[in-house]
Amino acid sequence: MAGSNSSFLKGRYSAEKRFKFYGVFAVSLALGAVIFLLFTIFSTGYSAFWRTEFQVEIQFNGDYLGITQESSDQEVREANFLGLFRKNIVEQNKDVPRRELRKLFAMFSESAADDLREMVIKNRTILGTTQKLKVLASSSVDMIVKGQAPREIEEKRRVLNDFQLGLLDRWTAEGRRFSSFNHRFFTNGDSRSPELAGLGGAIVGSFWTLMVCLIISFPMGVAAAIYLEEYAPKNRLTEIIEVNINNLAAVPSIIFGLLGLAVILNFFGLPRSTPLVGGIVLSLMTLPTIIIACRASLKAVPPSIREGALAMGASKMQTILHHVLPLAMPGTLTGTIIGLAQALGETAPLLMIGMFAFVVDIPAGPLESATALPVQVYLWAESSERGYVELTSAGIMMILIFMALMNSFAIILRKKFERRW
């Protein structure tokens, strides 16, 4: 009998060890997958924060441009800065054959002439002087420098031909090639040229979208939670409402996009591809999360708080607004921030309402056409240009960083204001 019990205990201990091993293995496998995913994204995207530039000398010849220091901004904008830039580049590379000039100009970004124009608009005194400037290189040059495009393969398959590689090596040896922080990535909107594309428009578009979402969903969610928890009678109707709220929290986000397309755009006729419509759609998706979080926080407030306030002569509304709701607010804010973080990463609803347009300008308000961070990443991922690969990963990095910050803020709020009874 003792031997039977001993073998039974050994079997049970062995089963527990195996179960523990399976759990540790599963957690390790999941953690390894997350680390591999993050490593892949960050290793591909970190280079997008740096751009290759070439140092050139530009003689701002006012006679060639046909302008003076007294010229108006409109006259400066109409001046031929592209011709001026190319004229200076040719003079500094006189050994380049005429048939290769097109390849020479392709080493530089299309923004070179616009950058010179903006310099003159800001400071007219540079007219008639020669300035050493750093000019942005093209995306093809940037990929070669960063090792994202091979240079050892045959010429017809490379992004740069032999002549352009020779120029790049010569300028590098002369100390005319630099790597600078890519501030355009945070200040520019989308662009057909990868070296000029940025997340500035998408960041501002996401900001306006989340603001509209917060303004609509937060007060409505808190009011609904207060009514269901404090005022609504417990009957079959309220049970159906509660079940539907819980179910709405699990509805696929594209359903809300279809609802926005059918009702908000087609029925009410609100402008397509604007943060206003995007915020309304995302507020419908965020609302159940806020209601559930607020109701859970209201339930956690001890009944003694309510009883004490009522005993002191406060009305039910005063009890809720002055005593119960402030104590439930930390949990409510936590749920709200988590809901907004989830809305920040949503793509499908925004695609359904048309927020995937090519938008170059940064929106000044919620009624202007805009895109959002996840949609911008989707657009870059669909592009055939190889230069958008690192931008796609960098965009994902920014989304992950913003979501991590928002979730960290929610945790800090809960820890700071949490009350235990």
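A short tour of the structure in this document, coming up.

Rules used in this analysis
- Residues numbered from 1 in each chain as written.
- Predicted model: local features only at pLDDT ≥ 70, side-chain atom pairs only at ≥ 80, totals over all residues.
- Heavy atoms only, no water.
- Pairing = 2+ DSSP bridges.
- Helix = DSSP H or I, 4+ residues; strand = E, 2+ residues; numbered from the N terminus.
- Axes fitted to C-alpha atoms, helices over the stretch in contact; angles between N-to-C directions.
- Expected span 1.5 Å × (residues − 1).
- Buried < 20%, exposed > 50% of the residue type's maximum accessible area, 1.4 Å probe, protein only.
- Polar contact = N/O pair within 3.5 Å; in protein donor to acceptor, adjacent residues only side chain to side chain.
- 1 Å grid on protein atoms, 1.4 Å probe; cavity = no way out; pocket = protein on both sides within 12 Å on 5 of 7 lines; lining within 4 Å.
- Points joined across faces, edges and corners; volume = space filled by probe spheres on them.
- Nonpolar A, V, L, I, M, F, W, Y, C, P; charged D, E, K, R; others polar.
- Contact = heavy atoms within 4.5 Å.
- Salt bridge = Lys/Arg side-chain N within 4 Å of Asp/Glu carboxyl O.

Here's the deal with the sheet that holds strand 2 (residues 130-136)
Where strands meet in a sheet, backbone hydrogen bonds hold them as pairs that are either parallel or antiparallel.
Then comes step 1: Judged by pairing direction, the sheet is antiparallel, and its 3 strands sit side by side in the order 2-1-3 without closing on themselves. Of all the strands in the sheet, the pair left with one neighbour each is strand 2 and strand 3 (177-181). When the angles between neighbouring strand axes are averaged without regard to direction, this sheet yields 40 degrees.
Then comes step 2: For strand 1 (residues 50-59) and strand 3, the ladder comprises 5 bridges, and the chain directions are antiparallel.

Some remarks on helix 4 (residues 81-92)
Then comes step 1: The end-to-end C-alpha distance of helix 4 is 17 Å, a good match for the 16 Å that 12 residues give at a rise of 1.5 Å each.
Then comes step 2: When helix 4 is considered as a whole, its buried residues turn out to be F81, G83, L84, F85, N88 and I89.
Then comes step 3: The N-cap of helix 4, judged by a side-chain oxygen 2.9 Å from the amide nitrogen of G83 a few residues on, is N80.

Quick look at the environment of D115
Then comes step 1: Within the secondary structure, D115 is located in helix 6 (residues 112-122).
Then comes step 2: Each C-alpha atom of the pair D115 and I203 lies 23 Å from the other, and the pair is 88 residues apart in sequence.

As for empty space enclosed by the protein
Gaps left between atoms are located by rolling a probe of water-molecule size over the structure's atoms.
Then comes step 1: In total, this model carries 1 cavity of 30 Å³ or more according to the counting rule given.
Then comes step 2: Here the largest cavity is characterised by a volume of approximately 40 Å³.
Then comes step 3: Around the largest cavity, the lining residues are S206, T209, L210, L282, A343, L344, E346, L350, A372 and P374.
Then comes step 4: Among the secondary structure elements, those contributing two or more residues to the lining of the largest cavity are helix 10 (200-231) and helix 15 (316-344).
Then comes step 5: Here the lining of the largest cavity gets 3 residues from one element, more than from any other, and that element is helix 10.
Then comes step 6: Residues belonging to the lining of the largest cavity are distributed by class as follows: 7 nonpolar, 2 polar and 1 charged.

Let's talk about the side chain of S139
Then comes step 1: Its place among the elements puts S139 in helix 7 (residues 139-146).
Then comes step 2: Note on S139: relative accessible area 7%, which makes it buried.
Then comes step 3: Not counting residues up to four positions away in its chain, the partners in contact with S139 are P194, E195 and G387.

Considering the pattern of salt bridges
Then comes step 1: A complete count under the given rule lists 17 salt bridges for this structure.
Then comes step 2: The salt bridge partner of D142 is R51, with a shortest N-O separation of 2.4 Å. In this pair, D142 sits in helix 7 while R51 sits in strand 1, placing the two residues 91 residues apart along the sequence.
Then comes step 3: Its relative accessible area of 3% is what places R51 among the buried residues.
Then comes step 4: R295 is the salt-bridge partner of E242, the closest N and O atoms lying 3.1 Å from each other. Placement of E242 in helix 11 (residues 236-248) and of R295 in helix 13 (residues 275-300) is noted, with a sequence separation of 53 residues between them.

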